[in-house]
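Below, each chain spelled out in residue letters.
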Amino acid sequence: MRILFLFLVIALAFMALYGQEGAPNIRGEPWPLDPAWEMPRTEYGHPNLQGVWWFGSRTPLQRPVSLEMKQSYTLEEATEIERRMQQRLDQQAAPLDPDRGAPEQGARIGQEADDSFLGHWQKPTLLPVNDEYRTSVIIDPPDGRLPVREDFQDFHARVRISGLNMTDGPEGQSLSGRCLMFGAVIPNLTPLMMNPHMQIIQTRDYVVIMSEMIHDARIIRLDEKHLESAIPKWMGDAIGGWEGDTLVVHSRHFRPEQSSRMFMPLSKDLEITERYTLVGHNEIHYVFTAEDPQAFTQSFTGERIISRNDPGEFVYEYGCHEGNYSLPGILRAARRADAEASFGY
């Protein structure tokens, strides 16, 4: 019995020392790894992150205000939330009443007919992070909210103050409407409901992350040296390096036009540090911290899981046509309205 006990103690110590724990999460706790799993590596010895991944999530970036300091759901609460999500999907998929009447006169008609299409159906499940069903991606500050300065005016606010109307020119339109960018300043930074797919490609000196929407390719140099030029770039100037088995990416020099009240406001001073750690064949533990003293009262941190797509689920060509068709029509109608106003019509 003593020999068995001694053997057990030695085995536990060996496991603790030799790789049965993965990268620590943001709270410093070790990530539990399957002892039978081996880290896949590229020919250069780096962890192999290559493949097609899904960065969508039913967990919102910010915690609903009503939840206050509640950081996670119980299993029962998560199960009920998933039940309600499935119910909404079933309602969307149900046939419409062919005998329904016309909308009331003057009523606003939105995209109700396209709800199912625009949702780009996602499984009604909450992805746990280290066995926690989080109420928000943001875990610091503790309230799970973006710490935006009340007096902050981003690029778009300053444009409006200058008097530029949305229909005065293409510059007044959103980036997504112009088919330039969609989503957050870094596409996989926040969960998306539409086409949240990305492909990772690695070489010895570079990592490329290409998002399906709108074919945004981030080229990350693994030399850990930022460009001397401070010229702003779409998605910033990204550099990276390896800390053990974790890919650490630092980005700065973002274009201020990528500020978004829907996803994340920002100024030219934004800097973001991301950490990508493969913690299983089908999971990347993803952590980011953003700092922007102009836009935020403090830095904030988010943590979640990025999951591998099933075989056959690729990144497909994204045909963005708003900039091709909608934008000329919007501007043409605005110029017609200007002409009619000048002639007193």
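Predicted, not measured: the structure shown is a model, and the values here were computed from it. (Residues numbered from 1 in each chain as written. Predicted model: local features only at pLDDT ≥ 70, side-chain atom pairs only at ≥ 80, totals over all residues. Heavy atoms only, no water.)

**Quick word on the pattern of salt bridges**
Here is step 1 of the chain: If you walk through the whole model with that rule in mind, you get 15 salt bridges.
Here is step 2 of the chain: Ionic pairing is found between R255 and E257, a salt bridge with its closest N-O pair at 2.7 Å.
Here is step 3 of the chain: For E257, a relative accessible area of 17% puts it in the buried group.
Here is step 4 of the chain: Between R336 and E340 there is a salt bridge; the shortest N-O distance is 3.0 Å. Here R336 and its partner E340 are both found in helix α5 (residues 322–342), 4 residues apart, which amounts to about one turn of the helix.
Here is step 5 of the chain: A relative accessible area of 55% places R336 in the exposed class.
Here is step 6 of the chain: What you see here is one network of salt bridges that share partners, running through E80, R83 and R84. (Salt bridge = Lys/Arg side-chain N within 4 Å of Asp/Glu carboxyl O. Buried < 20%, exposed > 50% of the residue type's maximum accessible area, 1.4 Å probe, protein only. Helix = DSSP H or I, 4+ residues; strand = E, 2+ residues; numbered from the N terminus.)

**Quick notes on the confidence of the model for the protein**
Should pLDDT be low for a region, the predicted coordinates there are not to be read in detail.
Here is step 1 of the chain: Residues with a pLDDT of 70 or more make up 87% of the protein, whose mean pLDDT is 86.
Here is step 2 of the chain: Mean pLDDT in the protein bottoms out at helix α1 (residues 2–17), which sits at 39, and peaks at strand β9 (residues 246–252), which reaches 98.
Here is step 3 of the chain: In this model residues 1–20 is a low-confidence stretch, pLDDT under 50, and it forms 3 contacts with partners more than four residues away in sequence or in other chains. (pLDDT = per-residue confidence, 0-100. Contact = heavy atoms within 4.5 Å.)

**Here's the deal with helix α2 (residues 75–93)**
Here is step 1 of the chain: A rise of 1.5 Å per residue sets the reference length of α2, with its 19 residues, at 27 Å; its end C-alpha atoms lie 27 Å apart and thus fit the reference within 8%.
Here is step 2 of the chain: Three or more residues of α2 are buried, namely A78, I81, M85 and L89. Angularly, the buried residues of α2 cover 80° about the axis, an arc narrow enough to put them on a single face. In α2, those exposed residues whose orientation departs by more than 90 degrees from the buried face are E76 and Q91. (Expected span 1.5 Å × (residues − 1). Arc of directions from axis to C-beta.)

**Things to note about the pairing of β9**
Successive side chains on a regular strand alternate, one facing one side of the sheet and the next facing the other.
Here is step 1 of the chain: The element β9 is extensively covered by neighbouring structure, given that 5 of its 7 residues are classed as buried.
Here is step 2 of the chain: Pairing of strand β8 (residues 237–243) with β9 involves 7 bridges; the strand directions are antiparallel. Bridge pairing links G240 to V249 in β9.
Here is step 3 of the chain: Between the antiparallel neighbours β8 and β9 lie 2 residues, among them G244 with a positive phi of about 65°.
Here is step 4 of the chain: In terms of strand pairing, β9 meets strand β10 (residues 271–280) through 6 bridges, oriented antiparallel. By the bridge assignment for β10, T246 is matched with T277. (Pairing = 2+ DSSP bridges.)

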